[in-house]
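# Commentary on secondary and tertiary structure
Below are the chains, spelled out letter by letter.
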There are 2 protein chains.
Amino acid sequence: MDRKVVAIDVGGTFLKAAAITEAGEIVAKEEWPTAVEQGTSAVLDRIAAVAKAVAEKACWNWGEVAGVGLGVPGFHDFDNHLCEESVNLGWKNVYIVKEMESRLGVPVRFDNDANAAALGETWIGGGKGHRHTVMVTLGTGIGGGIVIDNKIYRGANGMGGEIGHMVMEPVRGERCNCGQIGCLETIASATGILRAAQKRVAEGQETSLRNVANLTTKDVFEHAANGDRVAAEVIDYAVHKLGLALALIGNTLNPEVIVIGGGPSRAGDVLYKPLNDYFRKYALKRVAKAAKIRPAELGNDAGVLGAAKLVLS
Amino acid sequence: MDRKVVAIDVGGTFLKAAAITEAGEIVAKEEWPTAVEQGTSAVLDRIAAVAKAVAEKACWNWGEVAGVGLGVPGFHDFDNHLCEESVNLGWKNVYIVKEMESRLGVPVRFDNDANAAALGETWIGGGKGHRHTVMVTLGTGIGGGIVIDNKIYRGANGMGGEIGHMVMEPVRGERCNCGQIGCLETIASATGILRAAQKRVAEGQETSLRNVANLTTKDVFEHAANGDRVAAEVIDYAVHKLGLALALIGNTLNPEVIVIGGGPSRAGDVLYKPLNDYFRKYALKRVAKAAKIRPAELGNDAGVLGAAKLVLS
């Protein structure tokens, strides 16, 4: 058995396709603009075309391909293989599996992008060797994915793992895109951390961050690691709320591993030391004992690898 | 097919046994003192004896019994069929399945009591007809159980669903038995609500609760329903934190139904109206749309029915 799979991370800007073996090896990659402005049907055609292109690049005959896995951002009705809404893609009620199977002639599986990344990391990344994984990706927002018994947990209507919208600061928090006040992603996403730092700079606080042109989240972590008090306070607040949120999830889900993805996941001790401390402060001892917190290992490939695993499972 | 099962809720004070049919009908019940003081081996013998006694009471030959299900409080290692520790029973490292199968000669299944209750309610109680259920029992503490795809979710080391120890008031909260500050069960358990009311009475606050001898949690709900401002504030604070906690779990687990058990679950609108409001305030819209909050229906039988279902599944 060495099944061959094509997987595509369907983003609002790019279609990232990969030809992937059953062992999780990426044999070839392609990246095309999504061209959302051309409309749903044209994008579906482009997904089919990039799938065939990446297979060809890998020197695979299409007849050898066991199936195609897709990571698609949005809200999905998995019982009906339906993408109900994808804001990034401008889609409403797209029967994605039917549409793609008719174009490709092979079995198609899909899930949302954060779930696919969680599955990829559980398969051969930071959660490798574990059955129960929680993945949290710190980016523009906070993406979440839950893997239970090596399968993506989707919940009643596809909302399982929406960790970024846990309300952690209901009174003093900032408004989130979802309409809530104080969601975790307003606080602990890469964007949330950067915004908090920018605010302090704008207030004229005494910090080495004032001297940085085009401040990034990475700068905030680096200045905190180098002892800047204001940067350290910004990081501490974000990591405190993240650690508490992970403990709340931890006491509920009792995971074996919590995988942290996104840019800040590469920050090293300045992130993981306090994150572990806060997690252990708030989680039950036996829960804390069971759970490791680890950085993601697959970077931008997590999504395509997880989408491939959807086909291989 | 009409398999017959014996189930026992193994409590620190009583062994509650029931003879249960495959349809979930309780044919006979027995309740014996546990007699924990006689030691582990004697209690295991008593569990076997009450199992046979309730089968006889039901006019079943032991040979007809398909298996025995047990609800056992404590921390368990399910991979090894081991009760690692049960404070209530004074047990340490009891290979419960092996011990009971050798005494009974039929297959034995076990889980902790809160998980068994959640499974029972999902089977034929407040969660009937749903795959993904969260159960919260408001008693002396707060018990939690999670059912995913009609199976108890246990997590990495048996701590799945420890909802009562979600830290909801880390700064101003009271100390919990677990050592933490501000666990949900210090706030929203029947005991926590009563304690908050007693404190206000002791402070001399102007409330009709002052005239109640031997104040109970039920009184607090009733006086709140009848317009007593202080009782209403006590209930509002507890229900607010419970609703927020359920929303945090909701955004993570996206359940189809949240079943509320324990004494307060019978309080009616004075509980469910604000609980629904707070849940909907903090949960993502799509999560709130999917989840119903319902009272438990099986009362004290939830545990034995769930333990029976462990054998029948």
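Identification of chain A as Glucokinase from Effusibacillus consociatus is taken from an unreviewed UniProt entry. In its Sequence similarities (unreviewed entry) section, the UniProt entry covering chain A states "Belongs to the ROK (NagC/XylR) family."

## Describing the relation of the copies chain B and chain A
Put simply, the second copy of the chain is the first one after a rotation about an axis and a shift along it. When chain B is fitted onto chain A, the two copies agree to an RMSD of 0.1 Å after a turn of 180° and an axial shift of 0.0 Å. The transformation just described matches what one would write down for a two-fold rotation axis. It is Ile 249 of chain B whose C-alpha, among those of chain B, lies nearest the rotation axis, at 3.6 Å. Of the interface residues in chain B, 100% have counterparts in chain A that sit at the interface too, so the contact is made through matching surfaces.

## Focus: the packing of helix H5 (residues 190-202) of chain A against helix H6 (residues 217-225) of chain A
Residues and elements named next belong to chain A. Viewed as axis vectors pointing N to C, H5 and H6 meet at an angle of 65°, and their least axial separation amounts to 8 Å. Between H5 and H6, the crossing angle belongs to the class labelled roughly perpendicular. Taken as a pair, H5 and H6 cross one another with a handedness that is left-handed. Residues Ala 190, Thr 191, Ile 193, Leu 194 and Ala 197 of H5 lie in contact with H6, whose contacting residues are Thr 217, Val 220 and Phe 221. The residue inventory of the contact of H5 with H6, partitioned by class, reads 6 nonpolar, 2 polar and no charged.

## Some thoughts on the packing of aromatic side chains
Residues and elements named next belong to chain A. Within this structure, the stated rule accounts for 2 aromatic pairs over all chains. A ring pair is formed by Phe 78 and Phe 110, whose centres lie 5.3 Å apart and whose planes are at 40°; its orientation type is tilted. In this pair, Phe 78 sits in the loop between strand S5 (75-77) and strand S6 (82-86) while Phe 110 sits in strand S8 (residues 108-111), placing the two residues 32 residues apart along the sequence. A relative accessible area of 4% means that Phe 110 is categorised as buried. Taking the ring centre of Phe 78 as reference, the NZ or CZ of Arg 154 above it sits at 3.9 Å.

## A closer look at the packing of H5 of chain A against helix H7 (residues 229-253) of chain A
All names here are of chain A. Relative to each other, H5 and H7 sit at 145°, their axes nearing to 10 Å. With respect to the hand of their crossing, H5 and H7 are arranged in right-handed fashion. Residues Ile 193, Ala 196, Ala 197 and Arg 200 of H5 lie in contact with H7, whose contacting residues are Val 230, Glu 233, Val 234, Ile 235 and Ala 238. The residue makeup of the contact of H5 with H7, split by class, is 7 nonpolar, no polar and 2 charged.

## Structural notes on the pattern of salt bridges
Per the stated rule, a full pass over the model turns up 36 salt bridges over all chains. Here Lys 273 of chain A ties to Asp 277 of chain A by a salt bridge, and the two come within 3.0 Å at their closest N and O atoms. One end of the pair is Lys 273 of chain A and the other is Asp 277 of chain A, both in helix H8 (residues 269-282) and 4 residues apart, which spans about a single turn. Note that Glu 222 of chain B and Lys 218 of chain B form a salt bridge whose closest N and O atoms lie 3.9 Å from each other. Note that Glu 222 of chain B and Lys 218 of chain B are positioned in helix H6 (residues 217-225) at a spacing of 4 residues, about one turn of the helix. A relative accessible area of 39% means that Glu 222 of chain B is categorised as partly exposed. Put simply, Asp 45, Glu 99 and Arg 103 of chain A are held in one network by salt bridges that share partners.

## Looking at the environment of Trp 123 of chain A
Residue and element names in this part refer to chain A. Among the structural elements, Trp 123 can be located in helix H3 (residues 113-124). The spatial distance from the C-alpha of Trp 123 to the C-alpha of Asn 150 is 7.8 Å, given a sequence separation of 27 residues. Not counting the four nearest positions on each side in its chain, Trp 123 is found in contact with Thr 21, Glu 22, Ala 23, Gly 24, Lys 128, Leu 305, Lys 309 and Leu 312.

## Structural notes on the interface of chain B and chain A
Counting residues at the interface gives 41 residues for chain B, matched by 41 residues for chain A. Roughly 3,500 Å² is buried in total at the junction of chain B and chain A, and carbon and sulfur atoms are behind 55% of that figure. Among the residues of chain B in contact with chain A, Tyr 153, Thr 252 and Arg 286 of chain B are the three that bury the most area, contributing 21% of the side total. Taken together, chain B and chain A are joined by 2 salt bridges. Notably, a salt bridge pairs Glu 84 of chain A with Arg 286 of chain B, separated by 2.8 Å at the nearest N-O pair.

## Considering the sheet that holds strand S10 (residues 142-148) of chain A
All names here are of chain A. One open sheet accounts for 5 strands, arranged S11-S10-S9-S12-S13; its pairing is mixed. Each edge of the sheet is formed by a strand with only one pairing partner; in this case those strands are strand S11 (151-152) and strand S13 (292-295). In the sheet, S10 pairs with S11 via 2 bridges, with the strands oriented antiparallel. Bridge pairing in S11 links Val 147 to Ile 152. Here H8 sits on the sheet in contact with strand S12 (257-261) and S13, set at roughly 155° to S13.

## Brief notes about the domain arrangement of chain A
Residues and elements named next belong to chain A. By the assigned domains, chain A splits into domain 1 (4-118) and domain 2 (128-297). At the interface, 11 residues of domain 1 touch 12 residues of domain 2. Between domain 1 and domain 2, a total of about 860 Å² is buried, with carbon and sulfur atoms accounting for 58% of that surface. Area buried by domain 1 at its contact with domain 2 is led by Phe 78, Asn 115 and Ala 118, which between them contribute 50% of it. Across the domain 1-domain 2 interface, the total number found is 1 salt bridge. Salt-bridge contacts for Asp 111 lead to Arg 154; the nearest nitrogen and oxygen are separated by 2.7 Å. Our count for the domain 1 to domain 2 interface comes out at 2 residue pairs in polar contact (both at pLDDT 80 or more). Ranked by the residues each element gives to the side of domain 1 that touches domain 2, the list is headed by H3, at 5 residues.

Thresholds applied
- Residues numbered from 1 in each chain as written.
- Chains lettered and ligands numbered in written order.
- Predicted model: local features only at pLDDT ≥ 70, side-chain atom pairs only at ≥ 80, totals over all residues.
- Heavy atoms only, no water.
- UniProt positions renumbered as here; feature names shortened; annotations may be inferred.
- Least-squares fit on C-alpha atoms with pLDDT ≥ 70 in both.
- Contact = heavy atoms within 4.5 Å.
- Axes fitted to C-alpha atoms, helices over the stretch in contact; angles between N-to-C directions.
- Helix = DSSP H or I, 4+ residues; strand = E, 2+ residues; numbered from the N terminus.
- Parallel < 35°, antiparallel > 145°, perpendicular 65-115°, else oblique.
- Left-handed = near helix turned anticlockwise from the far one by under 90°.
- Nonpolar A, V, L, I, M, F, W, Y, C, P; charged D, E, K, R; others polar.
- Phe/Tyr/Trp six-rings, centres within 6.5 Å; stacked < 30°, edge-to-face > 60°.
- Buried < 20%, exposed > 50% of the residue type's maximum accessible area, 1.4 Å probe, protein only.
- Lys NZ or Arg CZ within 6 Å of the ring centre and 35° of its normal.
- Salt bridge = Lys/Arg side-chain N within 4 Å of Asp/Glu carboxyl O.
- Buried area = accessible area lost by both parts, 1.4 Å probe.
- Pairing = 2+ DSSP bridges.
- Domains from an automatic or database assignment.
- Polar contact = N/O pair within 3.5 Å; in protein donor to acceptor, adjacent residues only side chain to side chain.

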